[in-house]
Amino acid sequence: MRRICSILLVLLSLFALKAQAEALTNPDPTKTYNIKHTSQLYLTVDGNSLRINQLGEGLQKYTVEIAGTDDEGTTIYNIKTEDGRYVGSDKGYTQVFLTDPADPFAQYTIWESHEDGYAKLWNVGRGAYMGSDQNSPGAGVYSDKNGYDGKHCWAFVEAAEGVVYDALESAIANAEAVLAEAVVGAEPGFYPQAAADALSAAIATAKTFLTSQVQQEVNRASTDLNAAVSTFYTQKIVFLPKEGALYYFFNEYTGCVMALDNNIAKIMSISGDASQKWEIMPVEGSNTVFNLKCGDSFLARKGGWDTSVSTDNTANETKFELEPVDLEQAIYRIKKFNEWGYMATDDTAPGSWIYTNKGTSATSVWQIIEAVEGQVLTIGLEKAIEKAEAAVAEAVIGEGPWNYPQAAKDAYEAAIAAAKGGTYTTQEEVNTASEALAQAGADFAAARIQPWFSPAAGTAYRFSINKYESKYLTAGEADAKASADFEAGNTAQHWTFQEVARNTFILKNGDRVLAHDGSLVTVADAEAPLS
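Residues numbered from 1 in each chain as written. Predicted model: local features only at pLDDT ≥ 70, side-chain atom pairs only at ≥ 80, totals over all residues. Heavy atoms only, no water.

### Observations concerning the pattern of salt bridges
- For the structure on display, the rule yields 19 salt bridges.
- One salt bridge connects D83 with R85, and the closest N-O pair in it is separated by 3.1 Å.
- Across the salt bridge formed by K358 and D346, the nearest N and O atoms sit 2.9 Å from each other. One end of the pair, K358, is in strand β23 (residues 354-358); the other, D346, is in the loop between β22 (342-345) and β23, with twelve residues separating them in the sequence.
- Here the residues in one salt-bridge network are D133, D144 and K145, joined through shared partners. (Salt bridge = Lys/Arg side-chain N within 4 Å of Asp/Glu carboxyl O. Helix = DSSP H or I, 4+ residues; strand = E, 2+ residues; numbered from the N terminus.)

As structure tokens, then:
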């Protein structure tokens with residue numbers, strides 16, 4: 001009997017979870033609702049506009065009225081505020097309040113969304129969804145959304161009397177999970193004990209508000225705890241620079257290092273020059289944010305994407321976040337402080353500028369290597385050899401399309417062997433070997449056999465000479481022109497390809513040959529222009 005009861009409880013729990021995940025698309029006109037946004041904030045009346053905000057920060061209770069059905073039988077609702085107005089649209093993008101429930105701009109149909117437990121509110125008159133552009137408290141709500149974004153989704157939640165603790169309970173659960181997963185230590189990847197203690201204290205403080213009878217206090221406790229979690233993340237140790245040490249930022253994809261050239265960050269071939277060596281200085285209060293100093297100058301971002309230098313290391317423009325990719329190998333992405341955008345290049349050649357507004361591209365990954373006086377850095381050559389060996393291993397040898405000739409593979413393997421077998425005593429020797437291997441790689445790539453066209457014997461073809469539209473090559477009395485007209489059986493658009501060599505043809509319409517200037521000529525095959 002006990003086992004049966006346990007199974008029933010499990011089934012009931014699963015049913016409850018399923019019911020919770022389903023969006024309410026048919027709210028009850030006899031009930032009062034809060035309308036919750038996916039940000040966990042609530043639809044709030046703010047004078048003559050609508051915003052999303054925390055509970056208790058304005059008029060947030062709504063009822064619905066059934067206004068009828070549309071042609072397909074879908075129920076149409078009015079959404080009514082506490083003060084008796086109807087939520088509507090100004091026929092543009094602004095949510096306004098209307099007085100006539102028969103106005104289609106005050107009417108809504110409610111649809112399930114891609115967000116579990118949330119629905120979309122379609123304004124019948126406006127022909128668009130209600131939604132916000134941001135998830136922050138005080139963000140505006142608009143009537144012109146397409147419904148594709150999570151910020152366009154809402155949930156009808158029965159309004160509760162008294163204080164609601166949901167957001168605070170969720171914040172506490174999240175903070176406890178973050179703290180439980182964190183590992184305390186003094187090495188990269190760990191959190192300092194002091195940071196863990198501070199978050200633990202913040203959790204304890206937040207819990208004292210679970211009995212508060214003031215909604216604003218509960219809201220503030222939730223906000224403060226979420227801020228404490230954000231601060232905790234900044235305390236994770238990602239890099240521990242040695243006192244007085246200088247470092248290279250090596251870009252594996254390009255085989256270059258970051259250098260300061262005429263006060264601009266660029267990638268350069270490794271030379272060991274002072275312009276390529278950086279002091280990495282932690283910014284006080286964070287273990288993830290650093291100043292990057294080259295000589296007497298601090299690297300700074302300029303405008304939205306460029307770099308420059310500054311003498312003020314307190315400015316946000318001179319602060320950069322190190323985002324770990326592989327802590328064990330000291331590989332990172334360098335991100336703008338408190339903004340989106342990574343440091344990366346568009347090109348791979350030495351001298352290419354480094355920009356600060358790039359995504360997580362291949363050139364956005366940097367390995368930090370300590371600069372040792374007199375050291376010859378071979379990492380660029382080593383990485384190039386690894387890539388070359390991988391390219392050879394993946395190459396298919398043969399005579400078909402996309403194959404490589406055996407001779408090309410042999411030449412590339414010989415270049416790889418020469419690079420691996422070299423003895424390097426200077427950085428210049430290493431760089432020369434890298435350049436030779438890069439040239440061998442380019443030669444290998446160029447030797448790859450491209451696909452070719454093999455026309456069927458005795459077959460004529462109609463073809464378009466424009467990539468994105470149909471413009472058929474059409475023979476005239478003296479020359480050939482592109483024509484959008486298509487005529488079945490029109491022999492002026494029938495062309496034969498007489499193969500002379502691979503991918504080389506004499507192009508004919510009847511007995512006439514197409515010349516390079518577009519004219520049609522009658523000549524012997526031996527004298528015909530080739531296409």
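On we go.
### Section: helix α4 (residues 215-234)
- Its 20 residues give α4 an end-to-end C-alpha distance of 29 Å, which sits within 8% of 28 Å, the value for a rise of 1.5 Å per residue.
- Turning to α4, its buried residues are Q215, V218, N219, A221, S222, L225, A228, V229 and F232.
- For α4, the elements touching its buried residues are α2 (166-181) and α3 (193-207). (Expected span 1.5 Å × (residues − 1). Buried < 20%, exposed > 50% of the residue type's maximum accessible area, 1.4 Å probe, protein only. Contact = heavy atoms within 4.5 Å.)

### As for the pairing of strand β14 (residues 256-261)
- Extensive coverage of β14 is indicated by the burial of five of its six residues.
- Taken together, the two bridges between strand β13 (residues 247-251) and β14 define a ladder with antiparallel strand orientation. Directly across from F250, in β14, lies its bridge partner V257.
- Where β13 hands over to β14, the hairpin turn is made up of four residues, of which G255 adopts a positive phi near 75°.
- Relative to strand β15 (residues 264-268), β14 runs antiparallel, the two sharing five bridges. Residue A259 lies in a different strand from β15, and its bridge partner there is K266.
- Between β14 and the antiparallel strand that follows it, β15, lie two residues; N262 among them carries a positive phi value of about 55°. (Pairing = 2+ DSSP bridges.)

### What to know about the pairing of strand β3 (residues 49-53)
- With five bridges connecting them, strand β2 (residues 42-46) and β3 associate as antiparallel partners. Residue pairing in the sheet places D46 in a bridge with S49 of β3.
- Remark: two residues form the turn of the hairpin made by β2 and β3, two consecutive strands paired antiparallel; G47 in that turn has positive phi of roughly 65°.

### Quick word on the sheet that holds strand β27 (residues 496-501)
- Across the sheet, which stays open at both edges, the four strands sit in the order β27-β28-β29-β30 with antiparallel pairing between neighbours. Among the strands making up the open sheet, the edge pair consists of β27 and β30 (520-521).
- Pairing analysis gives two bridges linking strand β28 (residues 504-509) to strand β29 (residues 512-514), with the strands arranged antiparallel. The partner of N509 across the bridge, within β29, is R512.

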